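Survey of secondary and tertiary structure
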Amino acid sequence: GWETMTTPVVAHIGAQRFEIPAVPYAAKDFGVSACATIATWLATEVAGPLLGIPLSSSFEVTQLATAMAAEQGVGMLPQRFGLDPEQIARALLALGYQPFVYDLVHFTWQALGTIFGYLSSGLPVILMVEFLGHAAGDGSTADDLRDNDEGSRHAVLAIGMQVERAQAEKGGSW
C-alpha cells in the first residue's frame, strides 16, 4: 500500500481548531516561486517537526539559497530560474538540516535503495529530474509537458512510496 509522510496542518472551521495530518501544498508560480523553492520548503515542512527544526517560509528558503549571490551584489536570483542543487543544499544547511547530495547521471538500483532508505525513515527526498523531450504519440500530452522544454530540469519532492509488503518482507523488489 501507499505510505505518505504527513505533518499536522491546522485548520479552523468556525471557532473550532482542527489538526489534520496532511501534506502542505504549494504550486509553482513564476511570479512567486519555482519548483526547487517549493520542493525545498515542502521538504522542511515535513521533516522539520520530525527532526525538531523550526519551520520556515518559502521566502526564507530562497533568501538563504541565494545569499551568496546577494553578498556578491547580484541580489536574489529571479525565482523563475529556480535553484540549483548547491543552492538547495545551502538553504537546508542554513536552516539546520544535513542534506545529502547524490549526483546521479544514470538511474541505478543503488540510487533507488538510497531513496527508499530515506523515505522508509520518514525523511523526504528532493529529486532533480531532467526532461529529455518526447516523441509524438508516446502517450504524453502537450498540456503535461507544455513548460518542459527538452533539457529542462525540475525539482520533485518524494514524500511517499508504494510498497508491496509481501515482496519487501521477502527481500524482493519494491
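**Some remarks on helix α5 (residues 109–120)**
- The terminal C-alpha atoms of α5 lie 16 Å apart, and with twelve residues this matches the ideal 16 Å at 1.5 Å per residue to within 8%.
- Positive backbone phi, at 85 degrees, marks Gly122, one or two positions downstream of α5.

**Structural notes on the packing of helix α1 (residues 35–51) against helix α2 (residues 58–65)**
- Packing of α1 against α2 brings their axes to within 9 Å, and their N-to-C directions diverge by 115 degrees. If you check the angle between α1 and α2, you find them roughly perpendicular. Crossing handedness for the pair α1 and α2: right-handed. Along its contact with α1, which presents Thr37, Thr40 and Trp41, the element α2 presents Ser58, Val61 and Thr62.

**Things to note about the packing of aromatic side chains**
- Within this structure, the stated rule accounts for two aromatic pairs.
- Where Phe100 meets Tyr102, the ring centres are 6.0 Å apart and the plane angle is 35 degrees; that geometry is what we call tilted.
- Seen in terms of ring centroids, Phe100 and Tyr118 are 6.3 Å apart; in terms of plane orientation they differ by 20 degrees. Their pairing is stacked. Placement of Phe100 in the loop between α4 (85–95) and α5 and of Tyr118 in helix α5 is noted, with a sequence separation of 18 residues between them.
- Through a chain of ring-to-ring contacts, three or more aromatic side chains come together here, namely Phe100, Tyr102 and Tyr118.

**Let's talk about the pattern of salt bridges**
- The final tally for this structure, using the stated rule, is two salt bridges.
- Arg90 is the partner of Glu86 in a salt bridge, and the nearest nitrogen-oxygen pair spans 2.9 Å. In this pair, Glu86 and Arg90 are both assigned in helix α4, four residues apart and thus about one turn of the helix distant.

Definitions and cut-offs
Residues numbered from 1 in each chain as written. Predicted model: local features only at pLDDT ≥ 70, side-chain atom pairs only at ≥ 80, totals over all residues. Heavy atoms only, no water. Helix = DSSP H or I, 4+ residues; strand = E, 2+ residues; numbered from the N terminus. Expected span 1.5 Å × (residues − 1). Axes fitted to C-alpha atoms, helices over the stretch in contact; angles between N-to-C directions. Parallel < 35°, antiparallel > 145°, perpendicular 65-115°, else oblique. Left-handed = near helix turned anticlockwise from the far one by under 90°. Contact = heavy atoms within 4.5 Å. Phe/Tyr/Trp six-rings, centres within 6.5 Å; stacked < 30°, edge-to-face > 60°. Salt bridge = Lys/Arg side-chain N within 4 Å of Asp/Glu carboxyl O.

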